[in-house]
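# Working through the structure, step by step
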Amino acid sequence: MTLPAKFAERVLRDLGDSEGAALCAALDTEPPVSVRLNPAKCGGTENGVPPAVLADADGRVPWCGGGYYLAARPQFTFDSDFHAGAYYVQEAASQFVGHLLQGVEVAGRRILDLCAAPGGKTTLYASLAGPDGLVVANEIDRRRAQVLADNVRKWGTGN
């Protein structure tokens with residue numbers, strides 16, 4: 001992908017040559033693939049059997065206990081663990097919301113997730129809130145709401 005010239009010029013002007021060039025270089029590369037494990041289905045790698053997708057793990061996401069980087073993007077559509085909700089394909093940046101909630105008692109709470117599709121943060125909230133919590137996920141776009149509903153069903157926490 002090539003960044004628009006005016007955008008790159010503005011980034012360089014606003015951030016300076018070094019930081020601006022680093023940002024443009026990062027935006028011009030493929031983002032790393034990352035997944036987040038479903039603790040209700042695989043118990044993490046320490047307590048349960050890890051999904052096969054972790055055979056290609058390339059390190060942990062530092063701010064998310066169940067987050068892993070993958071060395072390459074597998075064919076998720078052919079992975080039964082993916083369809084069973086054992087993990088969710090989610091960019092590491094989106095997994096940061098769990099880190100933001102550290103130190104806050106989330107278990108058993110009610111959480112409202114607006115603009116919730118496709119469901120990555122919704123499923124993270126559901127895991128954090130636990131079986132005694134409630135997550136209300138709102139999405140106004142009907143097509144995106146269907147994807148959200150499918151992902152929440154796969155995740156399987158029921159809250």
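Please read these numbers as outputs of a predicted model, since none were measured by experiment.

Turning our attention to the packing of aromatic side chains. This structure, assessed with the given rule, holds four aromatic pairs. Centroid distance W63 to F96: 5.8 Å. Interplanar angle 75 degrees. Geometry classified as edge-to-face. Separated by 33 residues along the polypeptide, W63 in the loop between β2 (57-60) and β3 (67-70) and F96 in helix α6 (residues 96-100) bring together distant segments of the chain. Centre to centre, the rings of F82 and Y87 are 5.9 Å apart; their planes meet at 50 degrees, and the pair counts as tilted. Given a relative accessible area of 17%, F82 falls into the buried group. The ring of F82 has K154 lying over it, and the distance from NZ or CZ to the ring centre is 4.1 Å.

Strand order in this open sheet of four strands is β2-β3-β1-β4, and the pairing throughout is antiparallel. The open sheet has two free edges, formed respectively by β2 and β4 (87-89), since each of these has just one partner strand. The sheet shows a mean angle of 30 degrees between the axes of neighbouring strands, direction not considered. Of the strand pairs in this sheet, strand β1 (residues 33-37) and β4 are connected by three bridges, and their pairing is antiparallel. Each bridged residue has a counterpart across the sheet, and for L37 the counterpart in β4 is Y87.

Conventions and cut-offs
- Residues numbered from 1 in each chain as written.
- Predicted model: local features only at pLDDT ≥ 70, side-chain atom pairs only at ≥ 80, totals over all residues.
- Heavy atoms only, no water.
- Phe/Tyr/Trp six-rings, centres within 6.5 Å; stacked < 30°, edge-to-face > 60°.
- Helix = DSSP H or I, 4+ residues; strand = E, 2+ residues; numbered from the N terminus.
- Buried < 20%, exposed > 50% of the residue type's maximum accessible area, 1.4 Å probe, protein only.
- Lys NZ or Arg CZ within 6 Å of the ring centre and 35° of its normal.
- Pairing = 2+ DSSP bridges.
- Axes fitted to C-alpha atoms, helices over the stretch in contact; angles between N-to-C directions.

By themselves, these are just geometric observations and shouldn't be taken as functional.
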